[in-house]
Amino acid sequence: EDQVTQSPEALRLQEGESSSLNCSYTVSGLRGLFWYRQDPGKGPEFLFTLYSAGEEKEKERLKATLTKKESFLHITAPKPEDSATYLCAVHPPEEAAGNKLTFGGGTRVLVKP
Amino acid sequence: NAGVTQTPKFRVLKTGQSMTLLCAQDMNHEYMYWYRQDPGMGLRLIHYSVGEGTTAKGEVPDGYNVSRLKKQNFLLGLESAAPSQTSVYFCASSYPPHEQYFGPGTRLTVT
C-alpha cells in the first residue's frame, strides 16, 4: 500500500528561524507531488506541484524540492503568518484514472514573534 | 471566479436524519471529489466523479451517496446520519492531471 509520511507532526519556530518539513513516500512511478497549506477552519490551499526528481519550486519564503523518495518544504525566515498546517499529497500512477491523491497527515507549524 | 463553494458551512443533525451537501465549481473542471477530514486521520476520499453523470467510490464510501447531474455541481448525501459521520467535509475539483482545488468545508455534527 502506498504510504505518505510527513515529519515532524508539529514544529514551533521563532520568527526568522528557518526550517524544513519532510514528506516521504513509497509510491513508485510518481506522477506528481503536491504541497498544500491549511489554515484552521479553512480548506487546503494549493501551493506547489513537483513532477520529477531534482525539481524545485519557490513562492515567497517557501521552497519545495523533490527527490526519488521524499520532498522537502523549506521555510526561510518565517513570519507568524506562515503558521498553518502543511499537507503533502502524491499522485501515484495507478490512480491516474481518477486523478486521486494520497495525503500525508500534515505538519502543524507555529511561528512565534 | 468564486472557485469551489460549499453549502452549508455548518450543520447539526440528529441520528437518523438525512441531508445533502452541495458543492459548486466555476472553473470548468472535469473531476470533482468529496473528502472528510478527522483529527489524526487526515483527508480521506469518500466519492469522486470524473465527469457529468459519473461517480465512483473512494476510500470511505459507506453511508454516503453522490450525484453529478451537472458538470459544475457535485452533491453528497447522507441518508441516515450516524455520530461516526461527524466530521469536516471538503469538496475539491481538478483538471487532470493537475492539482486539486478545495472548497472552504462543511462542519457537520451528528448527535
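The structure presented is a predicted model; accordingly, all values stated were derived computationally and were not measured.

With respect to the overall build of chain A
Secondary structure summary: chain A contains zero helices and 11 strands in total. Taking 13 Å as the expected radius of gyration for a compact globule of 113 residues, we find that chain A reaches 14 Å, a close match to that expectation. Judged by the C-alpha coordinates and their principal axes, chain A covers about 45 × 30 × 20 Å. Considering chain A as a whole, with its 113 residues, one finds that 48% of them fall into the buried category. The contacts of chain A with a sequence gap of at least 6 include a subset with a gap of at least 24, amounting to 55%. Here chain A has roughly 5500 Å² of accessible surface; of this, 47% comes from carbon and sulfur atoms. Side chains of chain A give 14 positive and 16 negative charges; the mean places of these two sets differ by 2 Å.

Comments concerning the environment of Y95(B)
Residue and element names in this part refer to chain B. Assignment of secondary structure puts Y95 in the loop between β9 (87-94) and β10 (100-102). Between the alpha carbons of Y95 and G3 there is a distance of 13 Å; along the sequence they are 92 residues apart. Leaving out residues up to four positions away in the same chain, Y95 has contacts with H29 and E30.

Cut-offs applied
- Residues numbered from 1 in each chain as written.
- Chains lettered and ligands numbered in written order.
- Predicted model: local features only at pLDDT ≥ 70, side-chain atom pairs only at ≥ 80, totals over all residues.
- Heavy atoms only, no water.
- Helix = DSSP H or I, 4+ residues; strand = E, 2+ residues; numbered from the N terminus.
- Rg over C-alpha atoms; globule rule 2.2 N^0.38 Å.
- Buried < 20%, exposed > 50% of the residue type's maximum accessible area, 1.4 Å probe, protein only.
- Contact = heavy atoms within 4.5 Å.
- Areas by Shrake-Rupley, 256 points an atom, 1.4 Å probe, with all protein chains shown as cover.
- Lys, Arg positive; Asp, Glu negative; His and termini not counted.
- Charge placed at Lys NZ, Arg CZ, Asp CG, Glu CD.

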